[in-house]
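Residue-level structure breakdown
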Amino acid sequence: MFSPWTIIAVIVAYVAGLFLIAQWAERAEIGKRASKLSGVYALGLAVYCTTWTYYGSVGKAATGGMGFLPVYLGPTLALLLGWTIFRRIVQIKHSHRITSIADFISGRYGKSQAVAAMVTFIMLIGIIPYVALQLKAVTDTFTQITAGSGSTSLSGWSSPIIATLMTVFTIAFGIRHLDATERHPGMVVVLATESIFKLLAFLAAGIFIVGSAFGGLGGFVEHFTASPPNLPLLKAGDTNQVLTWITVTLLSMSAFCFLPRQFHVGVVENDNPDHVRKSAWLTPLYLLVINIFVVPIAVGGSLLAAPGTTGDQYVLAIPIQSGQSLLSLGVFVGGFSAAIGMIMIETMTMATMISNHLVMPALEAFPPLSFLRRKMLYVRWVAAAVFIFAGYAFEVGLGGSHMLVAIGLISFAAAFIVAPVVLIGLYWREASRVGALLGLSGGFIVWGYTLFMPSLVRSGWLPKAILEQGPWGVAWLRPEALFGLAGLPSLTHGVIYSVFTTLTGLLVGSVLFPSGKEERALTDEFLDESGDFSYLDSKNRTIDANERREATLQVLRAYFAEEEAARICRQSFADVSITDQARLTVVEFAELHNTIERYLSGAIGSASAHGAMRSWGSIDRQDSRSLAREYGKMLAKLKLSPKEIKDRIDFQAERETLLNEQFKELQQKVDERDAEIVERRKAEVALQEAHDELESRVEQRTSELNQRNHDMRLVFDTVDQGFITIDVHGGIGSERSRVIEEWFGIKPGHTDRTLQTVLRTFDDHVGDLLELGLEQIRDAYLPLSLCLSQLPKAFEFEQKHYELTYHPVTRSDGKLQHILVVATDVTARVESARGEERQKEVVSLFEHFMRDRPGVLRFFADGDRLVENIAAWSDDSDPVVVKRDIHTLKGNAAIMGVTSVARRAHELEEAAAERSGIPSAAVLHLKNEWQGLRARIDEIIQTDNAGIHLEEADYLEILHALERNVPRDELREMIARWRLEPTRRSLGRLAAQATRLADRMGKGDVNVHIEDNNVRLHDEEWGDFWSILVHAVRNIVDHGLEDPEERVRVAKPEAGTIRLRTEETEDALRIELSDDGRGIAWDKLKARAEEHGLPHQTIEDLREIIFHDGISTRDAVTTISGRGVGMSAIRAETQRRGGKVSVFSETGVGTTLAFEFPKASARGSETAA
Amino acid sequence: MLHRSALRSPIIHVLVGIVFLALFTWPFLAFEQPINTWVFLYGSWMVAIACAFVLTQGSGGPASETDEGEE
């Protein structure tokens, strides 16, 4: 079907794939983990299923019915019955580094090389035919699948080629390292893979064949029921077949456990003893599944196969016959898998056993070959090759003579020889090496005689007479009827004899030649795999503790007082943890000895202590041996030789030395750190002292500062000035002098009040000014000095006058921190100045009185009225009227030189201009000032208008009239006119005011021309009008007249001219005030009108605006004018009298203010005739 | 139901093993029909595997602990 080279290529590819899997399992972490899975372990045990299973079972079923089945029931029973035994073997392997079944049995029997060699030899002889079986199966199937391809290039070479490939694969997979105890995770995974592959391939073949023959398992059952084949072991009948059945079952139980490959996979490759638990059911399940189609295939094959096809060939032959090339190839590779798995493991194991137990003793026995000890890996390779080619040779020589299954059972029987030796050895400690040797050798000889030799006879290598008549014709020596035991199946017969011989040899040999002490010790060590330190068990406590305690006290008393000796004794027993024990183990005894000696050494030196302890006692010979044995056990547990443990102790000693040195270095560093800590502590103490000293100094300085502060405060409190600091919000700081607290009513200590709040209690206006000023400082738009200059500088309260100055206190960075406010009580100075001022006012008024008595009297009369009006101000009052009154009073007072009243009026005017209402405090001040003036003047002159002022001209006129003897009525009329005041006098007062104002304002000389035309007006009737004209005069001087320099510049006389004129016509009274100044700035007036939303289109509109309240052409208000109040008051007074006022102005030429009153309204006016 | 510790008893294992050895041999002493033999053998094999599964559940943990006292 396929060419030989194709099949070889497939084989190589398949093995290469397995090799990659092996590499993955050994190198990849996940592969390593996979190799440790219990499932992989269980599948690895399926290496039990060789080509014998794959092909031979069907062959056996085809001729022997169910006779193939015990081969697989046996492992099931073995695992069911003895999985715990199997696991115990695994545990022993973990403890003793077991490498093979031979090594295991040798280890049990005193590590006997002879026993190991015997087991190796038995297995070698028994297994080689088994390997031959595998090679034969592969060769036969190779021939089968390449048949018909027409190629003969490999004819006759297929077997050696396959054997060579097997050798190479085995070395590559399993013998790459020398340490046979090393696990081969790659190989285990490969075995599991092979097991899966051969199972799938066999099931595929089974399904195909059963399907082809019966249409399924149901069809097979029907066929099997209807036409049962006439084969043995399918129903009750032949006793011999039953015996063979049981025999094969027992052999299979043994083979599953003790065949070298099974032992290797199950024990040596075992990673975890607990895996045995899972494999106890999983491996039998595998065996069940792979055998489920054996009988159907055998029955179906007999129906389908071509004539001449044997049962062994059904599995592969039928797919080939059916032309199923892929299935055929798969079945072939499955069979190859079964073969290579078995050969690989078996060869690897046998190579190890051969090299270790046959070659190595030979090398030791023949020193010239000792160089090979260092070449043991190559020795194993050679052993593997020899083993496989021995199988090949066996196949070539004997393979054609037997059914495959026969060869397998012979091998099973060989393995069965070792089973009693292993099992009895595990549980009977008296079993000895000699017994094992006798049993193994006897069993092997009998096996060879009763089982192996018959197969040689049947292969034609020996004469048949041996079987029929016995050697040399001795019938009772017939191999299959030894000692006359005939009638049994040959296998059962051979097994019975070989096992009997083995048991007998083992028992008799062990009884006659029991184990020596060394062998017994090794046996005990071998079987005590639990890992417990039994020498510490209570059952091994044989030394009397009380006796040791007495001996200890006796020794110690020689060197210590009674109490001290008792204490050391107690401490020694406590150190060894044996205080409450009645008996001690040898180890505890030795430990106690050393402890006591250490205590003694501390007191009397080690040499003396050692001498003293001789009298303490020592362990007897038996205890000494026990101790040696425990020591040996410990070494065995540690897997160390005495030399190795010495090396390790030396290593530990060296390590301890290094650790000591390291400890010393660390200690030195610790000392350095300690010294550093001491230095640091000293530094800390010094630092603390310095700190304390510093604190002391600070305290001293603080005390000094406090004292200085106190002294400074005393100084501050002593002077007449008060000091207070405020922040930019007016918050009052704690730094303030006591006098401030007295003046301002501030309680000592902390206060939340601001200075503006405090000042408002004295004067709202002052408080508001401070608030506004601080706001400007906070805004920082203006220079600080300018802001400070705008803060209120004085205030008056309850006859006290205080002056305030402000000093910025800045930080180092120049930023304002506080404002130092210095308050000075200037009451005395103010009073003094006012006294002086009042004197001047009195003098001034007196001069006026002497010069113009009616004017002074009118001043007082008007003043009384105006002050009364101002004081009567209320919210219902017209503020414009009140402001006019204030303005009028200010002007009149200024004309009379009464500066105190004029100042108060100005202050009131200022306050009224800055707020909606008129501050009552300022009103009160004005009223007080006026009343004070009135009182002072009343003491000197009579200010009531009781008399008549007679001018000299009037006096001369009346004299002249008398001389002319004018009529009485005319005289009376002349005298009556004396009660009218000449306008000349009122105009003169205005002129005087104009002159004074011009002088005060730096306007230079002013020429005032008066033209009264002898007009007289009633003083009381026109007093208010003349008073109101003060505003007009002030406007003329302040607004109209230029400075002398300006006048010169515009080509005007340096001295300005003012004309004051009264004229009385038949129906009207005219009063005119004119100047030659700069005239009205109509453009500016127009702009102001526009700002106030007033009509300003015509000249009449602008003239009207002049008299509008609050409109002025001046940019700034002065004490003289600029508020836009005066002209409004003038027109109001004029209109009240029924007159009208007109303005005529020409820019650069001058302005005229003209009043015209109807005659009738000018009551009391008279014209001097 | 057997307690887990009881499943660890070697006596149980031996008894079960003997019982199944007898069962595996029984068809050749009793059955006349091959199909019965075939079915019985595979059936009892399955039961044996099930028993193995149950018995192995009676042991767990480190092997050194479970095997103490088996000698």
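Note that the coordinates shown come from a computational prediction; the quantities given were computed from them, not determined experimentally.

**Let's talk about the sheet that holds strand β9 (residues 1006–1011) of chain A**
All names here are of chain A. Across the sheet, which stays open at both edges, the five strands sit in the order β9-β11-β12-β14-β13 with mixed pairing between neighbours. Lying at the two open borders of the sheet, with one neighbouring strand each, are β9 and β13 (1140–1146). Ignoring which end each strand starts from, the neighbouring axes of this sheet average 10 degrees apart.

**Considerations on the interface of chain B and chain A**
Frequently, the measure chosen for interface size is the accessible area removed from exposure when the parts meet. If you look at the interface, chain B gives 41 residues, while chain A gives 45 residues. Between chain B and chain A, a total of about 3,900 Å² is buried, with carbon and sulfur atoms accounting for 71% of that surface. Three residues, Phe 28, Trp 38 and Trp 45 of chain B, lead the burial of chain B against chain A; their summed loss comes to 20% of the area buried on that side. Counting across the chain B and chain A interface gives zero salt bridges. Counting across the interface, chain B meets chain A through four residue pairs in polar contact (both at pLDDT 80 or more).

**Examining a nonpolar patch on the surface**
All names here are of chain A. Nonpolar side chains collect at one region of the surface, where Leu 438, Leu 507, Val 508, Val 511, Leu 512 and Phe 513 lie side by side and expose about 550 Å² of accessible area between them. Looking at the nonpolar patch element by element, the count peaks at four residues for helix α21 (residues 490–512). Within the secondary structure, Leu 507 sits in helix α21. Residue classification places Leu 507 among the partly exposed residues on the basis of a relative accessible area of 39%.

**What to know about the confidence of the model for chain A**
All names here are of chain A. Scored by pLDDT, chain A has a mean of 83; 89% of the residues are at 70 or more. Below a pLDDT of 50 lies the segment residues 529–536, which in the model reaches 22 contacts outside its immediate sequence neighbourhood of four places, other chains included. Throughout residues 1163–1169 the model reports pLDDT below 50, and contacts reaching past four residues in sequence, or to other chains, amount to 25 contacts.

**Things to note about the packing of helix α4 (residues 51–64) of chain A against helix α9 (residues 185–214) of chain A**
All names here are of chain A. Running from N to C, α4 and α9 point in directions that differ by 30 degrees, and their axes come no closer than 11 Å. For the pair formed by α4 and α9, the contact residues are Thr 53, Tyr 54 and Val 58 on the first element and Lys 198, Ala 201 and Phe 202 on the second. By residue class, the composition of the contact of α4 with α9 is four nonpolar, one polar and one charged.

**Topic: the pattern of salt bridges**
Residue and element names in this part refer to chain A. Summed over the entire model, instances satisfying the criterion amount to 47 salt bridges over all chains. In this structure, Arg 865 and Asp 862 form a salt bridge, with 4.0 Å as the shortest nitrogen-oxygen distance. Of the two residues, Arg 865 and Asp 862 are both situated in helix α34 (residues 853–871); the distance of three residues between them amounts to about one turn of the helix. On the basis of relative accessibility, which here comes to 6%, the residue Asp 862 falls in the buried class. Here Arg 1047 makes a salt bridge to Asp 1076, at a shortest N to O gap of 2.5 Å. Of this pair, Arg 1047 sits in helix α42 (residues 1044–1049) while Asp 1076 sits in the loop between β12 (1068–1075) and α43 (1082–1091); the two residues are 29 residues apart in sequence, bridging distant segments of the chain.

**Side note on the environment of Ser 900 of chain A**
All names here are of chain A. Tracing the sequence through the fold places Ser 900 in helix α36 (residues 899–914). Each C-alpha atom of the pair Ser 900 and Leu 926 lies 8.8 Å from the other, and the pair is 26 residues apart in sequence. With sequence-adjacent residues up to four places away left out, Ser 900 is seen in contact with Glu 837, Glu 841 and Glu 929. For Ser 900, the side chain forms a polar contact with the side chain of Glu 929, separated by 3.3 Å.

**Let's talk about the packing of helix α10 (residues 217–226) of chain A against helix α14 (residues 294–304) of chain A**
Each packed pair of helices is defined by two parameters, the angle between the axes and the distance between the axes. All names here are of chain A. Axis separation between α10 and α14 bottoms out at 11 Å; the angle between their running directions is 75 degrees. In terms of orientation, α10 and α14 fall into the roughly perpendicular class. For the pair α10 and α14, the contacting residues are Leu 217, Phe 220, His 223 and Phe 224 in the first and Val 295, Pro 296, Val 299 and Leu 303 in the second. Partitioning the contact of α10 with α14 into residue classes produces seven nonpolar, one polar and no charged.

**Comments concerning the sheet that holds strand β6 (residues 800–810) of chain A**
Residue and element names in this part refer to chain A. What the five strands build is an open sheet, ordered β4-β3-β7-β6-β5; its pairing is antiparallel. Each having just a single partner strand, β4 (732–736) and β5 (794–797) make up the two edges of the open sheet. When strand polarity is set aside, the average angle formed by the axes of neighbouring strands in this sheet is 30 degrees. For β5 and β6, the ladder comprises four bridges, and the chain directions are antiparallel. Of the residues in β6, the one forming a bridge with Phe 797 is Lys 800. Helix α31 (residues 764–779) contacts β3 (721–726), β5, β6 and β7 (816–825) of the sheet and is inclined by roughly 155 degrees relative to β7.

Reading the values: the criteria
Residues numbered from 1 in each chain as written. Chains lettered and ligands numbered in written order. Predicted model: local features only at pLDDT ≥ 70, side-chain atom pairs only at ≥ 80, totals over all residues. Heavy atoms only, no water. Pairing = 2+ DSSP bridges. Helix = DSSP H or I, 4+ residues; strand = E, 2+ residues; numbered from the N terminus. Axes fitted to C-alpha atoms, helices over the stretch in contact; angles between N-to-C directions. Contact = heavy atoms within 4.5 Å. Buried area = accessible area lost by both parts, 1.4 Å probe. Salt bridge = Lys/Arg side-chain N within 4 Å of Asp/Glu carboxyl O. Polar contact = N/O pair within 3.5 Å; in protein donor to acceptor, adjacent residues only side chain to side chain. Patch = residues over 30% accessible without salt bridge, like charges linked within 9 Å, V, L, I, M, F, W, Y side chains within 5 Å. Areas by Shrake-Rupley, 256 points an atom, 1.4 Å probe, with all protein chains shown as cover. Buried < 20%, exposed > 50% of the residue type's maximum accessible area, 1.4 Å probe, protein only. pLDDT = per-residue confidence, 0-100. Nonpolar A, V, L, I, M, F, W, Y, C, P; charged D, E, K, R; others polar. Parallel < 35°, antiparallel > 145°, perpendicular 65-115°, else oblique.

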